[in-house]
Amino acid sequence: MKLIKTNIFMLTSLCLKCGHSRLLEHGVRAAERRNISSVRCTVSKVSSFAIRQNKYPIRISMNPKRLLLFPAHNSNKFGSNCFFKRRMISGSTSLQSSSPTKSGTIFDENDDVIYDPKALSDGKIPFPDSLSPSAAAEFKACPQSYLIQYLYKIKQPANLALAKGSMCHKALESVYDLSPEDRSLEQLQNLLRKSWSEVRFGNTYSHLFAIANSKDDKNHVTSQENDEPERDVKAEREWGQSALQLLKNYYEMEDPRLIPPPNPIEREVWVRYNLMVDPLKGVTGYASSTQQSDNEVSNDNNSFLVRGIVDRIDLVGLNSYNTNDDDDTSPEMALRIIDYKTGKAPDFKYSRAMNEKIANENMWQLKIYALLLREMLANEKGSKILRDLSTVNLRQLRLMYLTNVDGSGQYLDMDLGETQEERDEVLQEVHADLSKIWTSILALVEKQDPKAFVHCDRKFCFCHKIRPRFVQDSLWGTDVSL
């Protein structure tokens, strides 16, 4: 392997367009030519930087398949705050860059990075500080994926489905900022167009439709004036049309112009509460069918934070009230938790027992939100409007699927029960599930062995994509299938 000695200018400041900080494309060669101005950011594709030139001696391998950087002298010269990360590649020490964010690192399939648990989080598996419905579900499905994404904080990059879901959720939240008469389908779809136009070239989504240069394809468009990345306009248009169709499906299920005030009561509202590790000590504990918890609890104050974002909360009337004309009793009111889903609704084509199981599994996230709200309101927590409604029963759950197997919208409702005891019995089971998940996570972290977090067998799981990027015998060995 041919090595040349040269100097590198560490680009320690940020890209002025996207804030990306890493070893930039052609950075070494540009530094070698003393032509820093030609360096382009691999994310925003622009060449405008605030650069601090720190010169360090290095050796460069001229391997055409991989560019490896070796410190020519003491590697400590790079400093502890350097944004370069040391990684092990094919038995040789190299310096690789990461894509840090506030919530962790975004995994990039194009980066030639090998992760070493000994270099992540100071060599220790960190304890979680909270639990969310998505994190709990991920741990249940694949402990290894949970370890990588929620403890090591190596996140999957945004994909088309996630981007579509985010844009639809934003539009469905924003449409209720408009007066009822203005909540037309056209306005709703325009809200999505506006949201996408604001983020399509940002760091999170710019890669989705970016393509390699191709002068022959008419669908490939670039703006030389703005130095924007070349994009597959046809694919982006088709994706956008599918997102607009989801909003049309929603509009056919529920006309937002007809939603009566004061609904929605809340939109995109955080719910959080420190649940007791022993579920029997929670507000729903009295409704438990067991007399003691399966969890070992060290003291009465042992708790864990669970939090999440509820799409929408409505105040609704129930059908189970007296409709006698001589009875002027007002209809019974209840709170309904609503969650929008841009994925397909489950196909209830099986036996009644199996269909009920599928429905309950899909409602698990909403049950967690209901549990958190139950605890919050019982302890006078939450927003003022919710506290003012604390005497209203939290009873209804609704999943609004914006598409199904037939391509139309479909909603799935659940009534937690007529009495408070019935509702609390359901929520107590959810509390017990979360406590079991939390204590299981803590038990695995206590072992400080990444292999203790076993992988799943789901072919689509993130664990299979990222596991080969870890040092052998850290997450996997020669006997483990990749």
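The following refers to the structure shown.

Procedures and definitions
- Numbering of residues starts from 1 in each chain and follows the order in which that chain's sequence is written.
- At least 70 in pLDDT is required for a residue's local features to be given in this predicted model, at least 80 for side-chain atom pairs to be given and counted, and no such filter applies to totals for whole chains, interfaces and linings, which use all residues.
- Excluded from the side-chain calculation are hydrogens and water; included are all heavy atoms of the structure.
- Numbering of helices and strands starts at the N terminus; helices are DSSP runs of H or I of at least 4 residues and strands are runs of E of at least 2.
- Pairing of N or O atoms within 3.5 Å defines a polar contact, subject to two protein rules: one partner must be a possible hydrogen donor and the other a possible acceptor, and residues neighboring in sequence count only if both atoms are side-chain atoms.
- Contacts were defined at the residue level, with two residues in contact if any of their heavy atoms lie within 4.5 Å.
- The aromatic pairing rule takes the rings of Phe, Tyr and Trp, using the six-membered ring of Trp, and pairs them if the centres are within 6.5 Å, calling planes under 30 degrees apart stacked, those over 60 edge-to-face and the rest tilted.
- Per-residue accessibility, obtained with a 1.4 Å probe over protein chains only, is compared with the maximum for each type, and a residue is labelled buried under 20%, exposed over 50%, and partly exposed between these values.
- Two cysteine sulfur atoms make up a disulfide if the distance between them is within 2.5 Å.
- Here the axes come from fitting lines to C-alpha atoms, over the contacting stretch only for helices, and the angles between their N-to-C directions go from 0 to 180 degrees.
- Roughly parallel means an angle under 35 degrees; roughly antiparallel, over 145; roughly perpendicular, 65 to 115; everything else is oblique.
- Basically, the charged four are Asp, Glu, Lys and Arg, the nonpolar ten are Ala, Val, Leu, Ile, Met, Phe, Trp, Tyr, Cys and Pro, and anything else, Gly included, counts as polar.
- Each pair of strands is called paired provided DSSP finds at least two bridges between the two strands.
- Definition used in this section: a nonpolar core is a set of buried Ala, Val, Leu, Ile, Met, Phe, Trp, Tyr and Cys residues joined via side-chain atoms within 4.5 Å.

Assignment of secondary structure puts His169 in helix α4 (residues 160-174). A distance of 3.1 Å separates polar atoms of two side chains, one belonging to His169 and the other to Asp311. Only 3.1 Å separates the side chain of His169 from the backbone oxygen of Tyr340, close enough to count as a polar contact. Apart from residues lying up to four places away in sequence, His169 is in contact with Glu268, Asp311 and Tyr340.

Below, the discussion takes up the packing of aromatic side chains. Tallied over the full model, the rule gives eleven aromatic pairs. Judged by centre distance (5.4 Å) and plane angle (35°), the ring pair of Tyr115 and Phe470 falls under tilted. With a gap of 355 residues between them, Tyr115 in the loop between β7 (104-106) and α2 (133-141) and Phe470 in the segment after α11 (462-466) connect regions that are remote in the sequence. A residue is classified by how much of its surface remains accessible, and Phe470, at 2% relative accessible area, is buried. For the ring pair Tyr146 and Tyr150, a centre distance of 5.4 Å and an interplane angle of 20° mean the geometry is stacked. One end of the pair is Tyr146 and the other is Tyr150, both in helix α3 (residues 143-151) and four residues apart, which spans about a single turn. According to the relative accessible area criterion, Tyr146 is buried, its value standing at 1%. With a relative accessible area of 23%, Tyr150 lands in the partly exposed category.

As a further point, take the state of the cysteines. What the rule picks out here adds up to zero disulfides. Cysteine Cys142 is unpaired, with the sulfur of Cys456 as its nearest cysteine sulfur at 3.7 Å. In this structure Cys142 comes out as buried when scored by relative accessible area, which is 0%.

Between α2 and α3, the shortest axis-to-axis distance is 5 Å and the interhelical angle comes to 140°. Considered as vectors, α2 and α3 are oriented oblique to each other. Where α2 abuts α3, its residues Ser134, Ala135, Glu138, Phe139 and Ala141 lie against Pro143, Ser145, Tyr146, Gln149 and Tyr150. Here the residues of the contact of α2 with α3 are counted per class, giving six nonpolar, three polar and one charged.

Once that is clear, we can look at the sheet that holds strand β13 (residues 333-344). With mixed pairing, the five strands of this open sheet are ordered in space as β11-β12-β13-β14-β15. One side of each edge strand has no neighbouring strand; the edge strands of this open sheet are β11 (266-276) and β15 (410-415). Pairs of neighbouring strands in the sheet enclose a mean axial angle of 40°, with direction left out of account. Summarising the sheet, β11 and strand β12 (residues 303-317) pair through ten bridges and their orientation is antiparallel. Looking at β12, one finds that Trp270 is bridged to Ile309.

Core analysis: the biggest nonpolar cluster contains 65 residues, and Leu131, Ile154, Ile337, Leu434 and Phe470 have the highest contact counts within it. Here this core gets ten residues from one element, more than from any other, and that element is helix α8 (residues 364-378). Leu191, Trp239, Tyr251 and Ile259 belong to the second-largest nonpolar core, a separate cluster that totals 27 residues.

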